[in-house]
Amino acid sequence: MHRIPRRWRLTVTARGFATLAPEGKKLPQTYIEKIVQKYAVDLPQGKTVRAGDYVMIRPEHVMSHDNTGPIISKFKSIGATSIHNPKQPVFTLDHDVQNKSDKNLMKYASIEVFARQHGVDFYPAGRGIGHQILVEEGYAFPHTMTVASDSHSNMYGGVGCVGTPIVRTDGAALWATGKTWWQVPRMVKVELKGRLPKGVTGKDVIVALCGTFNQDEVLNAAIEFVGDGIPSLGVDERLAIANMTTEWGALAGVFPVDQTLLNWYESAIQKLETRTFNIPMSISIPAPPEHPRLNRRRLKRIEKSPITSDLDAYYSAHLTFDLSTLVPHVSGPNSVKVSTPLPVLEEKRIPIQKAYLVSCTNSRASDLAAAAEVMKGQFVAPGVEFYVAAASSNVQAESERRGDWDTLVAAGAKVLPAGCGPCIGLGTGLLEEGETGISATNRNYKGRMGHPKAQAYLASPAVVAASAIKGYIASPESLDQATLPPYDGLKVSYSSASPSSSKSAANETVELIQGFPSVFSGPLLFAPQDNLNTDGIYPGKYTYQDDMTLEQQAKVVMENYDPTFASTVAQLLPAPASTPRAVGEPKLGAVLVAGYNFGTGSSREQAATALKSAGVPIVLAGSFGDIFKRNAINNGLVCMECPELVSDLTELFAKDGKRGQGGKDGKLTVEPQWTVSVSMTDGTVSVQTPEGPRTYQVKPVGASVQDLWICGGLEGYVLRSIRSQAQ
């Protein structure tokens with residue numbers, strides 16, 4: 001197992017806050033920043049989109065799957081009756097496709113009815129996994145931005161499309177208005193050098209990356225892959241790598257649009273052009289109808305107008321990874337942060353009971369072919385169950401045409417329908433207590449693929465197939481160990497940018513929308529805790545009590561972290577939290593300061609609404625869990641990162657100067673008798689202490705977040721948009 005030295009570990013650095021370029025000068029941008037600029041709406045004149053900015057986006061498409069049902073409910077509850085742009089949403093039923101119960105079939109039928117009523121593109125159960133469909137059907141396409149209500153939308157980066165996840169409220173907002181907000185993540189450059197040795201795959205690359213850089217180096221970042229090693233990576237390998245940047249912690253993972261990718265699209269379009277004929281096309285035979293998204297006109301536009309990162313674009317970190325020094329790797333057990341060279345693991349002869357070749361990560365035609373090559377003339381070992389599901393019906397048809405599908409079945413593979421299935425713990429073939437499984441999927445979290453007392457490993461399709469044959473984690477016979485580099489010779493490097501490395505201009509002010517407070521002010525409360533999760537903020541036992549009022553939520557906020565928190569806030573506030581604020585007055589309330597990754601964990605919205613209802617209008621932290629931040633902003637709770645303030649408070653008030661043990665006085669929530677004022681125009685954080693004033697800096701929030709706050713959150717924003725359209 002490779003562990004990155006401490007000297008390489010990430011130190012988060014904030015770039016300058018200005019995004020308005022000096023007159024006549026364009027600020028440099030990364031590829032991702034340029035694509036977001038293309039899809040951003042309502043930008044101030046002259047604004048250049050940079051990492052850290054909050055922007056309103058109108059993505060090319062928004063995909064939802066089995067969770068379309070809850071989004072429909074949310075859509076209707078906010079008063080929406082029509083889809084803003086029916087060509088933007090895409091519905092793909094893929095998660096629980098093995099479930100033939102009346103309840104599930106009724107749910108699927110209701111989603112299809114809604115799609116037909118509103119003219120939305122719909123792909124039924126059995127057509128395949130949504131992410132694969134979006135690539136196959138051109139919804140995810142180079143130089144575009146497409147989002148999905150699913151964490152593995154990162155996969156679209158394999159074809160040069162900026163793909164990123166959203167939550168269900170965002171989905172409803174996009175249906176109703178065509179827009180939602182996004183904070184552009186910090187940018188990380190991952191440079192892939194050299195060429196993979198024979199028998200080493202893209203899956204090995206991302207498994208090794210997750211296990212080597214496993215100290216949150218890319219957490220909540222947008223990754224751009226660069227380097228001379230990329231042209232040799234096929235598109236299927238790029239899709240697998242981009243897919244698992246989600247497990248690595250990133251919000252996007254994007255490969256460049258190069259000749260390899262363009263050739264891949266050329267081949268795909270050629271197949272479409274001859275799809276209705278089994279004979280060579282004659283000039284007298286009309287061509288098939290042009291595909292609405294995969295067509296030559298669209299491809300030519302990409303070729304004629306390339307988009308690349310500027311040479312002086314700013315990245316918060318730079319990782320290098322020498323592909324030529326990589327050997328096959330296996331992830332786990334039960335964690336993607338642990339990866340082990342296959343030669344090391346194979347010596348242990350770890351027995352398996354189940355093997356899986358399923359999911360959007362590694363069930364494309366090339367993956368099935370790699371597994372079939374290993375299994376040709378072989379049989380699945382006694383006591384082992386080997387499950388196979390194609391990423392889509394198109395993939396299965398291609399695999400059948402090549403003969404690979406029949407080879408897998410003849411070897412003893414158990415066929416599942418195209419869909420997610422065991423990867424998310426649904427349907428047939430789940431891991432039982434005490435069993436060990438190896439899978440070509442993307443996640444091996446404890447209990448995800450079955451029983452929490454099972455062991456799950458991740459590997460490439462060829463390694464999964466070889467393990468199914470031998471009955472233990474093993475390499476394929478075709479893998480020549482003698483030609484591989486030393487398993488402990490992986491060459492990597494990591495560097496993070498210092499504040500002086502940023503190319504951004506000096507701090508500047510932002511324009512405030514009328515009605516948004518110029519200042520948030522109040523007494524400071526400090527929670528000296530990193531990774532304070534949503535269960536600590538809002539206990540799970542209340543999550544599904546749908547009749548809990550906001551006042552009741554406020555009384556139990558932070559109960560699992562500090563049962564006295566709600567009463568402490570109530571005693572500090574000069575007036576009830578619901579007291580109206582006159583226009584132009586500061587927004588008063590308790591200012592909560594917490595450690596890093598605040599709000600990590602589940603996606604419960606109440607973690608945000610409970611804090612806001614208790615009288616906390618703003619949270620300052622070292623960093624935030626991304627889904628919490630989305631829910632917070634969607635509900636009008638302001639979140640800002642101020643690591644310097646967190647550092648000072650930790651040194652002065654945390655027990656032993658470390659977060660995680662409460663304050664020096666034993667209290668979990670520290671009251672340092674400080675008062676804070678946060679300027680929304682320039683991001684100045686003014687702190688009044690008994691010893692004198694202190695000043696810090698945060699990045700001011702943009703117009704999109706301000707507008708959401710004024711509307712009371714995203715639902716209010718949607719309602720306003722609907723009413724505006726009706727007038």
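The written sequence of each chain sets the order in which its residues are numbered from 1. Local features in this predicted model are restricted to residues of pLDDT 70 or higher, and side-chain atom pairs are both shown and tallied only at a pLDDT of 80 or more, whereas totals for entire chains, interfaces and linings draw on every residue. Think of the side-chain values as coming from all heavy atoms in the structure, minus any hydrogens and water.

Re the overall build of the chain
Moving on, step 1. Helical segments are the DSSP runs of H or I of at least four residues, strand segments are the runs of E of at least two, and each set is numbered from the N terminus. Within the chain one finds 24 helices and 28 strands.
Moving on, step 2. Expected size for 727 residues packed as a compact globule is a radius of gyration near 27 Å; at 26 Å, the chain falls within 12% of this value.
Moving on, step 3. Each principal axis of the C-alpha atoms in the chain carries an extent, and together these give about 80 × 60 × 60 Å.
Moving on, step 4. Every one of the 727 residues in the chain was classed for burial, and the buried ones make up 58%.
Moving on, step 5. Partitioning the intrachain contacts of the chain with sequence separation of at least 6 by distance along the chain shows that 76% fall at a separation of at least 24.
Moving on, step 6. Note that accessible areas follow from Shrake-Rupley with a 1.4 Å probe, and for residues the cover is restricted to the protein chains shown. Accessible surface, the chain as shown: approximately 29,000 Å² in total, 51% of it carbon and sulfur.
Moving on, step 7. Computing the positive centroid from 71 side-chain charges and the negative centroid from 70, the chain places the two 2 Å apart. Atoms counted for the radius of gyration: C-alpha only. Globule rule: 2.2 Å times residue count to the power 0.38. The cut-offs for exposure are 20% and 50% of the maximum accessible area for each residue type, with area from a 1.4 Å probe on protein chains only; residues under the lower value are buried, those over the upper are exposed, and the others partly exposed. By definition in these notes, contact holds between two residues if any of their heavy atoms fall within 4.5 Å. Positive charge is attributed to Lys and Arg, negative charge to Asp and Glu, and no charge count is given to His or to the chain ends. In this description, the location of a charge corresponds to atom NZ of lysine, CZ of arginine, CG of aspartate or CD of glutamate.

Focus: unusual backbone geometry
Moving on, step 1. Between Gly332 and the following residue, Pro333, the backbone shows a cis peptide bond with an omega angle of 10°.
Moving on, step 2. Within the fold, Pro333 resides in the loop between β13 (329–331) and β14 (339–341).
Moving on, step 3. Located in the positive-phi region is Asn220, a residue other than glycine, with phi close to 60°.
Moving on, step 4. With respect to the helices, strands and loops of the structure, Asn220 is situated in the loop between α6 (202–212) and β10 (221–226).
Moving on, step 5. Residue Asp656 is not a glycine yet carries a positive backbone phi of 60°.
Moving on, step 6. Summarising the element assignment, Asp656 is placed in the loop between α22 (643–653) and β26 (675–679).

A closer look at the environment of His118
Moving on, step 1. In this structure, His118 sits in helix α3 (residues 102–118).
Moving on, step 2. When its relative accessible area of 18% is taken as the criterion, His118 is described as buried.
Moving on, step 3. For the pair His118 and Pro86, spaced 32 residues apart in sequence, the C-alpha to C-alpha distance is 6.5 Å.
Moving on, step 4. When residues no more than four places from it in sequence are discounted, the contact partners of His118 are Thr81, Ser82, Ile83 and Pro86.

Quick look at the nonpolar core
Moving on, step 1. Note on terminology: a nonpolar core comprises buried Ala, Val, Leu, Ile, Met, Phe, Trp, Tyr and Cys residues joined through side-chain atoms within 4.5 Å. Within the largest apolar cluster, 79 residues are counted, with the highest numbers of intra-cluster contacts made by Val36, Trp175, Ile618, Leu620, Met640, Leu645 and Val678.
Moving on, step 2. The residues touching Met640, leaving out its near neighbours within four places in the chain, are Ile618, Val619, Leu620, Ala621, Phe624, Val678, Met680, Val698, Lys699, Pro700 and Val701.
Moving on, step 3. Within the second largest apolar cluster, 73 residues are counted, among which are Ile241, Ala242, Val463 and Leu490.

A few points about the state of the cysteines
Moving on, step 1. Working definition: a disulfide is two cysteine sulfur atoms within 2.5 Å of each other. Using the criterion set out here, one finds zero disulfides in the structure.
Moving on, step 2. Unpaired in terms of disulfides, Cys210 finds its nearest cysteine sulfur in Cys423, a separation of 14 Å.
Moving on, step 3. Distance from the sulfur of Cys360, which forms no disulfide, to the nearest cysteine sulfur (Cys420) is 6.4 Å.
Moving on, step 4. A relative accessible area of 6% places Cys360 in the buried class.

Comments concerning the sheet that holds strand β11 (residues 252–254)
Moving on, step 1. The pairing criterion is simple: DSSP has to find at least two bridges between the two strands. Here we have five strands laid out as an open sheet, ordered β11-β10-β9-β12-β20, and mixed in their pairing. Pairing within the sheet leaves two strands with one partner each, and these edge strands are β11 and β20 (492–496). Strand after strand, the sheet turns through a mean of 15° between neighbouring axes, direction not considered.
Moving on, step 2. Inspection of the sheet shows strand β9 (residues 186–193) paired to strand β12 (residues 317–322) by six bridges, in the parallel sense. Its bridge partner being in β12, Val188 is matched across the sheet by Ala317.
Moving on, step 3. Axis lines are fitted to C-alpha atoms, over the contacting stretch for helices. Their N-to-C directions set the angle, which ranges from 0 to 180 degrees. Against the sheet, helix α1 (residues 31–39) makes contact with β9, β10 and β11, and its axis sits at roughly 120° relative to β10, the strand it touches most.

A closer look at the packing of aromatic side chains
Moving on, step 1. Stacked, tilted and edge-to-face are the three classes applied to pairs of Phe, Tyr and Trp rings, where Trp contributes its six-membered ring and a pair requires centres within 6.5 Å; stacked means planes under 30 degrees apart, edge-to-face means over 60, and tilted covers the rest. This structure, assessed with the given rule, holds 21 aromatic pairs.
Moving on, step 2. Relative to Phe114, the ring of Phe91 has its centre 6.3 Å away and its plane inclined at 25°; by these criteria the two rings are stacked. Of this pair, Phe91 sits in strand β4 (residues 89–92) while Phe114 sits in helix α3; the two residues are 23 residues apart in sequence, bridging distant segments of the chain. As far as the burial class goes, Phe91 and Phe114 line up, both buried.
Moving on, step 3. Relative to Phe628, the ring of Phe624 lies with its centre 6.4 Å away and its plane at 10°, an arrangement referred to as stacked. Just as Phe624 is buried, Phe628 falls in that class too.

A look at the confidence of the model for the chain
Moving on, step 1. Overall, the prediction assigns the chain a mean pLDDT of 90, with 92% of residues at 70 or greater.
Moving on, step 2. Low pLDDT, under 50, characterises residues 1–19; the predicted model gives this stretch 67 contacts beyond four residues in sequence or across chains.
Moving on, step 3. The predictor reports its confidence for every residue as pLDDT, a score running from 0 up to 100. Below pLDDT 50 for its whole length, residues 500–506 participates in 14 contacts with residues either more than four positions away or in separate chains.

Digging into the packing of helix α12 (residues 365–375) against helix α15 (residues 461–470)
Moving on, step 1. Relative to each other, α12 and α15 sit at 35°, their axes nearing to 8 Å. Seen along the crossing, α12 lies across α15 with a hand that is right-handed. Mapping the contact onto sequence places Asp367, Ala370, Ala371, Val374 and Met375 in α12 and Pro461, Ala462, Ala465, Ala466, Ala468 and Ile469 in α15.
Moving on, step 2. Put simply, Ala, Val, Leu, Ile, Met, Phe, Trp, Tyr, Cys and Pro go in the nonpolar bin, Asp, Glu, Lys and Arg in the charged bin, and everything else, Gly too, in the polar bin. The residue inventory of the contact of α12 with α15, partitioned by class, reads 10 nonpolar, no polar and one charged. Each helix crossing is assigned a hand: it is left-handed if the near helix lies turned anticlockwise from the far helix by less than a right angle, otherwise right-handed if that turn is clockwise.

Overview of the sheet that holds strand β7 (residues 162–165)
Moving on, step 1. If you walk across this open sheet you meet the five strands as β5-β4-β3-β6-β7, and the pairing is parallel. In this open sheet, the two strands that pair with only one neighbour each are β5 (121–123) and β7. In this sheet, neighbouring strand axes are inclined to one another by 20° on average, regardless of whether the strands run parallel or antiparallel.
Moving on, step 2. Taken together, the three bridges between strand β3 (residues 61–64) and strand β6 (residues 145–148) define a ladder with parallel strand orientation. Each residue of the ladder has a partner; that of Val62, found in β6, is Val147.
Moving on, step 3. Along the sheet, helix α5 (residues 168–177) makes contact with β3, β4 and β6, crossing β3 at roughly 135°.

Quick notes on the environment of Tyr54
Moving on, step 1. For Tyr54, the location among the structural elements is in strand β2 (residues 54–57).
Moving on, step 2. Classification of Tyr54 as buried rests on a relative accessible area of 8%.
Moving on, step 3. Here the alpha-carbon distance between Tyr54 and Val184, two residues 130 residues apart in the chain, equals 6.4 Å.
Moving on, step 4. The residues touching Tyr54, leaving out its near neighbours within four places in the chain, are Trp181, Trp182, Gln183, Lys629, Ile633, Cys639, Val701, Gly702, Ser704 and Val705.
Moving on, step 5. For the purposes of these results, a polar contact is taken to be a pair of N or O atoms within 3.5 Å, where, inside protein, one atom must be able to donate a hydrogen and its partner to accept one; residues adjacent in sequence count only when each atom of the pair is a side-chain atom. Of note is the side chain of Tyr54, whose polar atom sits 3.4 Å from the side chain of Gln183.

A closer look at the packing of helix α9 (residues 259–273) against helix α10 (residues 296–304)
Moving on, step 1. Where α9 contacts α10, the two axes come as close as 11 Å, and the packing angle between them is 165°. With respect to each other, α9 and α10 are oriented roughly antiparallel. Like other packed secondary-structure pairs, α9 and α10 cross with a definite hand, here left-handed. Residues Leu262, Tyr265, Glu266, Ile269, Gln270 and Glu273 of α9 pack against Arg296, Leu299, Ile302 and Glu303 of α10.
Moving on, step 2. Its residues assigned to classes, the contact of α9 with α10 shows five nonpolar, one polar and four charged. An angle counts as roughly parallel when it lies under 35 degrees, as roughly antiparallel when it exceeds 145, as roughly perpendicular when it falls between 65 and 115, and as oblique in every other case.

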